[in-house]
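So you can see what is in the structure, the chains are spelled out below.
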Amino acid sequence: MQAMKIVESSMKEIDELEKRKENINKEIEENKNIIRKYCTHSYIDNKCIYCGEKKSDIENFINS
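The following paragraphs examine the structure supplied in this document.

Criteria and thresholds
Residues numbered from 1 in each chain as written. Predicted model: local features only at pLDDT ≥ 70, side-chain atom pairs only at ≥ 80, totals over all residues. Heavy atoms only, no water. Salt bridge = Lys/Arg side-chain N within 4 Å of Asp/Glu carboxyl O. Helix = DSSP H or I, 4+ residues; strand = E, 2+ residues; numbered from the N terminus. Buried < 20%, exposed > 50% of the residue type's maximum accessible area, 1.4 Å probe, protein only. Patch = residues over 30% accessible without salt bridge, like charges linked within 9 Å, V, L, I, M, F, W, Y side chains within 5 Å. Areas by Shrake-Rupley, 256 points an atom, 1.4 Å probe, with all protein chains shown as cover. Lys, Arg positive; Asp, Glu negative; His and termini not counted. Charge placed at Lys NZ, Arg CZ, Asp CG, Glu CD.

With respect to the pattern of salt bridges
In the structure shown here, the tally under the stated rule is two salt bridges. Linking Arg36 and Glu29 is a salt bridge whose minimum nitrogen-to-oxygen distance equals 3.3 Å. Across the pair Arg36 and Glu53 runs a salt bridge, and its minimum N-O distance is 3.5 Å. Residue Arg36 is located in helix 1 (residues 2-38), and its partner Glu53 is located in the loop between strand 2 (47-48) and helix 2 (55-63); the two are separated by 17 residues in the primary sequence. According to the relative accessible area criterion, Arg36 is buried, its value standing at 14%. In this structure Glu53 comes out as buried when scored by relative accessible area, which is 14%. One network of salt bridges, with partners in common, ties together Glu29, Arg36 and Glu53.

This is how it looks when you write it as structure tokens:
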């Protein structure tokens, strides 16, 4: 019985962590979009020296 409580508790904790992970990933993507939008973008070897984004990624973001 005790083992099942431990398993259930661990599964519940995993679910909560997965939800937080999804929220964190959304926030990261939102912040990346802000950077892509407002960075002045100066490229060396097709990579922005300020934000580190590839030129093709920036162009895809602008075109979407």
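As for a negative patch on the surface
Together, Glu13, Asp15, Glu16, Glu18 and Glu22 make up a region of like negative charge exposed at the surface. With respect to the secondary-structure elements, Glu16 resides in helix 1.

Focus on unusual backbone geometry
Phi is mostly negative for residues that are not glycine, and the peptide bonds are mostly trans. One non-glycine residue, His41, lies in positive phi territory at about 50°. If you trace the backbone, His41 turns up in the loop between helix 1 and strand 1 (43-44). Despite not being glycine, Asp45 has its phi angle at roughly 55°, a positive value. Positionally, Asp45 belongs in the loop between strand 1 and strand 2.

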